Amino acid sequence: MMKNSFILFFLTFCTLQSAVAQYTTETFSSAKLERKQKIGIYKPDNYSDKQAYPLLVVLNANSLMEPTISAVRYYERFQEMPPCIIVGVFDQRLEDVAIIDEVARPMNESARFFEFLATELVPYIQGKYPIAALKGLIASEEAAFLINYYMLSQKPSFNMIVSLNPIAIPRVGEQLSEALAAGFPQRLFYYMATADVENKLNYDTAVRFEGFLRATPAHESVEYHFANMKGTTVNAAKLQGIAQALDMCFDIYKPIGGKEYKTKMETLPTGVFEYLQDKYKTIETYFGVKKKPLVNDILATYTAAKSAADWDSLKKLSKYVDDAGYKDTAMPGFFMAEYYEKTSDPKKALKMYQKAYTKSEIDFITLDFVNERITQLKGNAPSKKSKKEKEK
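If you're wondering where the values come from, they're calculated on a predicted model, not measured in any experiment.

Colleague: Please clarify how the pattern of salt bridges should be interpreted in this entry.
Modeller: Charged atoms that come close allow side chains of opposite charge to pair. Applying the stated criterion across every chain yields a total of 20 salt bridges. Of the charged contacts in the structure, one is a salt bridge between Asp322 and Lys327, with a shortest N-O distance of 3.5 Å. Here the residues in one salt-bridge network are Lys306, Glu338, Glu341 and Arg373, joined through shared partners.

Colleague: I keep staring at the state of the cysteines and nothing clicks. Help me out?
Modeller: Note: disulfide means a covalent bond formed between the sulfur atoms of two cysteine side chains. Inspection of the entire model under this criterion finds zero disulfides. Cys84 carries a free sulfur, and the closest cysteine sulfur to it, the one in Cys249, is 8.8 Å from it. Among the residues examined, Cys84 registers a relative accessible area of 0% and is labelled buried. Since its relative accessible area comes to 1%, Cys249 is described here as buried.

Colleague: Is there a simple way to explain the pairing of strand β4 (residues 85–89) in this structure?
Modeller: The side chains of a regular strand alternate, residue by residue, between the two faces of the sheet. Counted residue by residue, β4 has five buried out of five residues, so it is predominantly covered. Burial along β4 is two-sided: Ile85, Val87 and Val89 facing one way and Ile86 and Gly88 facing the other are all buried. In this structure, strand β2 (residues 35–42) lies alongside β4, joined through four bridges in antiparallel fashion. Along β4, the bridge assignment pairs Gly40 with Gly88. The pairing of strand β3 (residues 53–58) with β4 spans four bridges and is classified as parallel. Across the sheet, Val57 pairs through a bridge with Val87, a residue of β4.

Colleague: For this particular structure, what's the right way to read the environment of Val87?
Modeller: With respect to the helices and strands, the residue Val87 is situated in strand β4. Residues Val87 and Val58 lie 29 residues apart in sequence; the distance between their C-alpha atoms is 6.0 Å. For Val87, the contacting residues outside a window of four places in its chain are Ile39, Gly40, Ile41, Leu55, Leu56, Val57, Val58, Met65, Leu121 and Ile125.

Colleague: How do you make sense of the pairing of strand β8 (residues 222–233) when you look at a structure like this?
Modeller: Two elements, strand β7 (residues 188–197) and β8, share nine bridges in a ladder whose sense is parallel. Its bridge partner lying in β8, Phe189 is registered against Glu223. Of the crossover connections in this fold, the one passing from β7 over helix α7 (residues 200–213) to the parallel β8 is right-handed.

Colleague: Sorry if this is basic, but what is going on with the packing of helix α10 (residues 272–287) against helix α12 (residues 311–323) here?
Modeller: Describing two packed helices takes the angle between their axes plus the distance from one axis to the other. Running from N to C, α10 and α12 point in directions that differ by 35 degrees, and their axes come no closer than 7 Å. In this structure, α10 contributes Val272, Phe273, Glu274, Leu276 and Tyr280 to the contact, and α12 contributes Ser313, Lys316, Leu317 and Tyr320. Split into classes, the residues belonging to the contact of α10 with α12 amount to six nonpolar, one polar and two charged.

Colleague: Please clarify how helix α13 (residues 331–342) should be interpreted in this entry.
Modeller: Think of an α-helix as turning once every 3.6 residues; residues three or four places apart then point the same way. A rise of 1.5 Å per residue sets the reference length of α13, with its 12 residues, at 16 Å; its end C-alpha atoms lie 16 Å apart and thus fit the reference within 8%. In terms of burial, α13 is largely enclosed, as 10 of its 12 residues are buried. Every buried residue belonging to α13 is among Met331, Pro332, Gly333, Phe334, Phe335, Met336, Ala337, Glu338, Tyr339 and Tyr340, and all of these are buried. Those residues of α13 hidden inside the fold are in contact with α11 (295–307), α12, α14 (346–357) and α15 (367–380). Downstream of α13 by one or two residues, Ser344 has phi in the positive range, about 65 degrees.

Colleague: Explain the sheet that holds β4 here, please?
Modeller: Overall, mixed pairing links the eight strands, which are arranged β1-β2-β4-β3-β5-β6-β7-β8 in an open sheet. Each having just a single partner strand, β1 (23–30) and β8 make up the two edges of the open sheet. Averaged over all pairs of adjacent strands, the angle between strand axes in this sheet comes to 20 degrees, irrespective of strand direction. Strands β1, β2, β3, β4 and β5 (131–140) of the sheet are contacted by helix α4 (residues 109–128), whose axis makes an angle of about 125 degrees with β1.

Colleague: Explanation requested: unusual backbone geometry in the structure shown.
Modeller: One can expect most non-glycine residues to show negative phi and most peptide bonds to be in trans. With a phi angle near 55 degrees, Asn108 is a residue other than glycine that sits in the positive phi range. Mapped onto the secondary structure, Asn108 falls in the loop between α3 (94–97) and α4. Given the relative accessible area of 45%, Asn108 is considered partly exposed. In this model, Ser344 sits at a positive phi of 65 degrees, which is unusual for a non-glycine residue. Looking at the element boundaries, Ser344 is found in the loop between α13 and α14. Exposure remark for Ser344: the relative accessible area of 65% places this residue in the exposed category.

Thresholds, definitions, all that
Residues numbered from 1 in each chain as written. Predicted model: local features only at pLDDT ≥ 70, side-chain atom pairs only at ≥ 80, totals over all residues. Heavy atoms only, no water. Salt bridge = Lys/Arg side-chain N within 4 Å of Asp/Glu carboxyl O. Disulfide = S-S within 2.5 Å. Buried < 20%, exposed > 50% of the residue type's maximum accessible area, 1.4 Å probe, protein only. Helix = DSSP H or I, 4+ residues; strand = E, 2+ residues; numbered from the N terminus. Pairing = 2+ DSSP bridges. Contact = heavy atoms within 4.5 Å. Right-handed = clockwise from strand over helix to strand, strands pointing away. Axes fitted to C-alpha atoms, helices over the stretch in contact; angles between N-to-C directions. Nonpolar A, V, L, I, M, F, W, Y, C, P; charged D, E, K, R; others polar. Expected span 1.5 Å × (residues − 1).

What follows is the structure in structure tokens.
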């Protein structure tokens, strides 16, 4: 597993050369920090100010920015997560992120850095780019523990927390556990990973901290994950943790695969279309992005509806794809034609197949295939009797 992970990241690091045109650095003048702060900003390929993008803020950017960009670009290539704006905070100081054990909360420099992220950096990025509902934080070591404190707010500034090898204060987990149990107005994704190789003391405190965190069951609005990477090095845990956190956070965004189809769609006796509709509504709710339904997902729904003889879903699917950007393809008409054919209305079915024949081919719905359906229907149609036959 570790070997595959390193191979993956070696390959994806290579993609950074093609990302240079979308990556810039600048100096941000912070009133909270009373200094200038270096930040790096990555924009996705084909960026447009007419669509919204999730925001990922990466602390410890000197070491975490490149693997984060690589992982995001990799998943985006396979349509497993949406394009994102990624902002890295470079050259942070230890006093910016360290929490004193006796105090166990942000104070002085760490309090100012904590406020800088939420009240200066995020609004600044929102003013420059169209930012969606999902705002994530990725950090390691001291910074990875600091970002947990955002969860103490009833309306957190960030709703995705990725904490890698945190240098934790275990007892703080009790207070955070109460916040996780109370829940949040929107979904909050939480991921923590820790490793023990040459990191035993920090590993032990992180594990104790996590034990306090889950002492009380988390609210349904919280998606909670903990990866105990015992036997793994710190740097390997960071690379694996970034990839795993993104994979889990954006799981609903992925195209429908064999496992999802067999366990969640194929077993539905009715309401197949509603499954697809709910999936895309959830994507919009979680991430604040409107995703065009994939042909893969539409055809999975079509197959499941046919398997369940859920013809009402076929009818709804026809209207759905017509409104979702497939109006000029043969798909809406083909689905509606098959609905009429299965519900014993061959005249309407023939009319819809003929309409589909005038549209563009898409996937298996070729003009030849549609013509076969038309020919078959015409062949099955009762022949018209001549006037002499009627008089006999």
